[in-house]
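Structural characterization, general
Here's the letter readout for the chains.
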Amino acid sequence: MDMDGKLAFTYRRALEALRSGVPNREAVKILGCQQPQVEHQFATLLRQCADQQNPPASSLGMLVSGGFGAGKSHLLSYLEHQALSQGFVCSRVAVSKETPLYDLGKVFKSAIDHGRIPERSGQLMEELGVGLHENSAAYARFLKWADAERNGLHRIFPATLVVHEKAGDPELIGDIRAFWSGGKIAISTVKKGLKAVGQLQNYVFKAPKASELSLQRLRFTTELIKGAGYQGWVVLFDEVELVGFYSRLQRARAYAELARWLGKVSGEVGPGLVVVGTVTDDFAAAILGVGGKQDRDYVGHWLRSRGEAAVAARAETGMRTLERETIQLEPPTAEKVTTTVEKLRHIYSIAYAWEAPRVESMAGGAGHRSRMRYKVRAAINEWDLMRLYPNSRPETEGIDYRPGYHEDPELTREGENEADEAR
């Protein structure tokens, strides 16, 4: 395939992603971000995270809000691209039934499974393990941190780290990486490895509590990423508003976990982690406020009545953040819409070797018609029809979608015990 053919193929893939409403990397590069406030804040967080001279006290984070189809998923794809280009490991986590925000273990596992490393394509923990260089200053700092008892890390982590470094058994190394990723490992296996490398006497410990491992893995992995020479770890949460479908207990736990991820709880997660979450712009009113489920007024008191004062404080912090500290996505201006549609017209023409005509691209209007997603998909769909049916003159109609927040009985029933076990 010649260069022109490769370019046309690349553009076709980008257009197909935009048709489906899930932009790929090429589409994101073509369209850009067009959200200067979010870009500036994200760049500031990355810079603070990477500052080894004056590191932040904990993880850093921000929330972005916007209506359905306002470009939140596109924004996360753009931020992911920016983070990877600056030497950060990046994980995209979609809040869902399988990945409930109140369950740190499942969220952590999803972040590992969907992690990406700059200029690498392998599984996250595998690539990190291979990237540890014993003679590097970054690894030396990581090893010193992991072995310091004052950091509160269970001794199984520095023990597995020293076995990982010194053992020559690929199967054992694989077991250790699986444990770091969220799996199980027998204590006897770790001690056998310690004995093989002559370190058994230096690491005396009992099996860790399962309830404590998820947070410890999060802290360990954040430091591991820096130890492998990367700037830090960026975790992107998509569709935080799905918390609204949870039961009250699940929502309460989710608010508390969100506060922890965003670095709003001191001493929980150390520096090296940057978190960005997206949420619908009506979430605060529909779930937290007086006109909705009134979580702001009831969740904290309810948790304290259950004897969970610490969780209540974190949940209240999470709710305040959702209500007061989100950055609102800017609606597209007429100039931005015109520029974007012209870019699309150019790549469409190259992709299909067909001169795409100009289409109406006025900004403004009400509901879905003011959203960039509507403008993009409408233009592509109209070009498709005109290219395939030259005599057609299509007009696009759309239906405004507004999500509801009714509790999902199936999700509530399956997750209630899990939420209680997270205590």
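The paragraphs below set out a description of the structure included in this document. (Residues numbered from 1 in each chain as written. Predicted model: local features only at pLDDT ≥ 70, side-chain atom pairs only at ≥ 80, totals over all residues. Heavy atoms only, no water.)

Notes on the overall build of the chain
Each helix and strand in the chain was counted, giving 18 helices and 6 strands. Whereas a compact globule of 423 residues would reach a radius of gyration of roughly 22 Å, the chain reaches 24 Å, a difference of no more than 12%. With the C-alpha coordinates aligned to their principal axes, the bounding extent of the chain is approximately 80 × 60 × 40 Å. Going through the 423 residues of the chain one by one, you find that 50% of them count as buried. (Helix = DSSP H or I, 4+ residues; strand = E, 2+ residues; numbered from the N terminus. Rg over C-alpha atoms; globule rule 2.2 N^0.38 Å. Buried < 20%, exposed > 50% of the residue type's maximum accessible area, 1.4 Å probe, protein only.)

Observations regarding the sheet that holds strand β1 (residues 60-66)
Within the open sheet, the 6 strands sit side by side as β3-β2-β4-β5-β1-β6. Their pairing is mixed. The sheet is open, and its two borders are formed by β3 (115-116) and β6 (326-328), each paired with just one other strand. Taken together, the 7 bridges between β1 and strand β5 (residues 273-280) define a ladder with parallel strand orientation. Residue pairing across strands places Leu63 opposite Gly277, the latter belonging to β5. (Pairing = 2+ DSSP bridges.)

Some points on the environment of Ser58
Along the chain, the position of Ser58 falls in the loop between α3 (36-50) and β1. Residues Ser58 and Glu268, spaced 210 residues apart in sequence, show a C-alpha to C-alpha distance of 7.6 Å. When neighbours within four sequence positions are excluded, Ser58 is seen to be in contact with Gly263, Val269, Gly270 and Pro271. Within polar-contact distance, the side chain of Ser58 engages the backbone oxygen of Gly263 at 3.3 Å. (Contact = heavy atoms within 4.5 Å. Polar contact = N/O pair within 3.5 Å; in protein donor to acceptor, adjacent residues only side chain to side chain.)

Observations concerning the packing of aromatic side chains
Evaluation of the coordinates by the stated rule reveals 12 aromatic pairs. Residues Phe237 and Trp261 carry aromatic rings whose centres are separated by 5.2 Å and whose planes lie at 80° to one another, so their mutual orientation is edge-to-face. In this pair, Phe237 is assigned in strand β4 (residues 233-238) and Trp261 in helix α12 (residues 248-261), connecting sequence segments 24 residues apart. For the residue pair Phe237 and Trp261, the accessibility class agrees, reading buried in each case. Every member of this aromatic cluster is reached through a ring pair, and the members are Tyr139, Phe142, Trp145, Phe157, Phe179, Trp180 and Phe220. Lying over the aromatic face of Phe179, Arg217 brings its terminal NZ or CZ to 4.7 Å of the ring centre. Directly above the aromatic system of Trp302 lies the positively charged group of Arg248, at a separation of 5.4 Å from the ring centroid. (Phe/Tyr/Trp six-rings, centres within 6.5 Å; stacked < 30°, edge-to-face > 60°. Lys NZ or Arg CZ within 6 Å of the ring centre and 35° of its normal.)

Looking at helix α11 (residues 210-227)
With 18 residues, α11 extends 25 Å from end C-alpha to end C-alpha; this agrees with the ideal 26 Å at 1.5 Å per step. At Gln216, α11 shows its maximal kink, close to 25°. Within α11, 13 of the 18 residues are buried, leaving the element largely enclosed by the surrounding structure. Downstream of α11 by a residue or two, Gly229 has a phi angle that is positive, lying close to 100°. (Expected span 1.5 Å × (residues − 1). Bend = angle between axes of the 7 residues up to and from the residue.)

Some details on α12
Taking 1.5 Å as the rise per residue, α12 with 14 residues should run 20 Å; its terminal C-alpha atoms sit 20 Å apart, in good agreement. Backbone geometry just downstream of α12 places Gly263 in the positive-phi region, at approximately 80°.

Examining the pattern of salt bridges
Applying the stated rule across the entire model yields 24 salt bridges. Between Arg92 and Asp238 there is a salt bridge; the shortest N-O distance is 3.7 Å. With Arg92 in strand β2 (residues 89-94) and Asp238 in strand β4, this residue pair connects regions lying 146 residues apart in the sequence. Taking relative accessible area as the criterion, Arg92 reaches 22% and is therefore assigned partly exposed. Put simply, Asp295 and Arg251 hold a salt bridge, and the shortest N to O gap is 2.7 Å. On the criterion of sequence distance, the pair formed by Asp295 in helix α14 (residues 295-305) and Arg251 in helix α12 is long-range, its members being 44 residues apart. For Asp295, a relative accessible area of 1% corresponds to the buried category. Classification of Arg251 by relative accessible area gives buried; the value is 3%. Overlapping salt bridges bring together Glu16, Arg19, Asp384 and Arg387 as one network. (Salt bridge = Lys/Arg side-chain N within 4 Å of Asp/Glu carboxyl O.)

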